[in-house]
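Commentary on secondary and tertiary structure
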Amino acid sequence: MGLLQLLKSQFLCHLLLCYVFLVSGLLVNLLQLCTLPLWAINRQLARKINCRLGYCISSQMVALLEWWSGTECTLYTDPESYPLYGKENAIVILNHNFEIDFLCGWTFCERFGVLGTSKVMAKKELAYVPLIGWMWYFQEIVFCKRKWEDDRRTVIKSLHNLRDYPENFWFLMFCEGTRFTEKKHQISMQVAESKGLPKLKHHLLPRTKGFCVSVQSLRGTVTAVYDSTLNFKNNETPTLRGILSGKKYYADLYVRRIPLDSIPEDEAECTAWLHKLYQEKDTFQEQYAQTGSFPGPVMSLARRPWALLNWLFWASVLLYPLLLLLLWLLQAGSTLTVVSSLTICVVGSVAVRWMIGQTEINRGSSYGNKETLLNNN
């Protein structure tokens, strides 16, 4: 282990990284709150401002993956499709097998300049969570309760609001609805058997209703679906803890561009189309398991400097006053002040470890563990 790698693995460095992320995120949330009056005056300008403010938060996570960890991402895709990425509105379908697949999805967005405008479908409870949740609220993320009877109208309304969005956006979807585990896979395949559907080896049965409504609601706004399949070399299972410790991973992403016009409008036919797509994705994952690569040519996917520059800006703004405070505490602080400061640091470190722990697969959502839920396709 080199000196730099040893430094990256130290908890003090992790604490400083999280300090910059948390404090800068709260400051950005405050700035987003200040844009509320602007929404009534100039909605499009408010949207553009919030795209850039949101980028200040999400790009720090991307910088952690790309620059701190040094994780490399190889893109397999059609050379004819490549020039269109980032220049059109798209629905991006991602597989949900890894703790950091959302982070790799954000990296895909960042490489093509649409990270600040990327959208997801997230649990409604997250809208009340500071940092990411509040950022998403101002970025017009689609929030749902995971009860389709209640969600359908909300999802349609939220997607219709994107029809006049002022910049190109990508709508990221995990159609499986929850992260892959062996238990969920077993239940999912029982449902597949009961419905007469082919069994999948590397994926859960996709939840079709949200996808079909998204396609119907975004016709005329979105021009393509990007079917994206992610895996990692050497059978590695990356974790956020590993990224935070500076561990380098090698990601492979296979992307197929599918014109939205080629997807059936009828809901039943769209449902069958999505099931067929996941059968193809399963074939690609099986090929990767056998050969260590996806089909198709490899395209260069260079890092952009903006995520790193954004993090360096916030680090320079926030770490200097922190250093002055620490020096003052050492020189003039009372015992009570020092103890209180240490207590805050301990609480902060526990909170950070808790947040990281929530990304672990064995701590994931119970959504999909019950067969009654998986019948809601």
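Residues numbered from 1 in each chain as written. Predicted model: local features only at pLDDT ≥ 70, side-chain atom pairs only at ≥ 80, totals over all residues. Heavy atoms only, no water.

Topic: the packing of helix α7 (residues 148–160) against helix α9 (residues 208–218)
Definition in use: Think of each axis as a best-fit line through the C-alpha atoms, taken over the contacting stretch in the case of a helix, with angles from 0 to 180 degrees between the N-to-C directions. Each helix is a run of H or I in the DSSP string that is no shorter than four residues. Each strand is a run of E no shorter than two, and both are numbered from the N terminus. With respect to orientation, any angle under 35 degrees is reported as roughly parallel, any angle over 145 as roughly antiparallel, any angle of 65 to 115 as roughly perpendicular, and every other angle as oblique. Should the near helix be turned counterclockwise from the far one by less than a right angle, the crossing is left-handed, whereas a clockwise turn marks it as right-handed. The contact rule is simple, with two residues in contact once any of their heavy atoms fall within 4.5 Å. Gly falls in the polar group here, along with every residue not listed as nonpolar (Ala, Val, Leu, Ile, Met, Phe, Trp, Tyr, Cys, Pro) or charged (Asp, Glu, Lys, Arg).
Axis separation between α7 and α9 bottoms out at 9 Å; the angle between their running directions is 30 degrees. With respect to α9, the axis of α7 lies roughly parallel. α7 and α9 meet at a crossing whose hand is right-handed. Contacts between α7 and α9 involve Trp148, Arg152, Val155, Ile156, Leu159 and His160 from the first element and Lys209, Gly210, Val213, Ser214, Gln216, Ser217 and Leu218 from the second. The class makeup of the residues in the contact of α7 with α9 is 6 nonpolar, 5 polar and 2 charged.

Description of the side chain of Asn231
Going by this rule: For this analysis, a polar contact is any N or O atom pair within 3.5 Å, provided that within protein one partner can donate a hydrogen and the other can accept it, and provided that sequence-adjacent residues contribute only side-chain to side-chain pairs.
By the element assignment, Asn231 lies in strand β6 (residues 224–232). Side-chain polar atoms of Asn231 contact the side chain of Gln285, separated by 2.7 Å. Among all residues touching Asn231, those that are not within four sequence positions of it are Phe98, Tyr250, Ala251, Asp252, Gln285, Tyr288 and Phe294.

Quick notes on unusual backbone geometry
Under the convention used in this document: We call a residue buried when its accessible area falls under 20% of the maximum for its residue type, exposed when it is over 50%, and partly exposed in between, using a 1.4 Å probe and counting protein chains only.
In this structure, Glu140 is a non-glycine residue whose phi angle is positive, near 60 degrees. Note that Glu140 resides in the loop between α6 (132–138) and β4 (142–144). One non-glycine residue with positive phi stands out, namely Asn234, at about 60 degrees. As for its position among the elements, Asn234 is in the loop between β6 and α10 (240–244). On the accessibility criterion, Asn234 (66% relative accessible area) is exposed.

Quick look at the sheet that holds β6
To be explicit about the condition: Two strands pair if DSSP finds at least two bridges between them.
Ordered in space as β4-β3-β5-β2-β6-β7-β1-β8, the 8 strands form an open sheet in which the pairing is mixed. The two strands at the open ends of the sheet, each matched to only one other strand, are β4 and β8 (298–299).

Some thoughts on the side chain of Thr35
Within the fold, Thr35 resides in the loop between α2 (11–34) and α3 (36–41). The exposure class of Thr35 is buried, given its relative accessible area of 7%. When neighbours within four sequence positions are excluded, Thr35 is seen to be in contact with Ile49, Asn50, Leu53 and Phe138.

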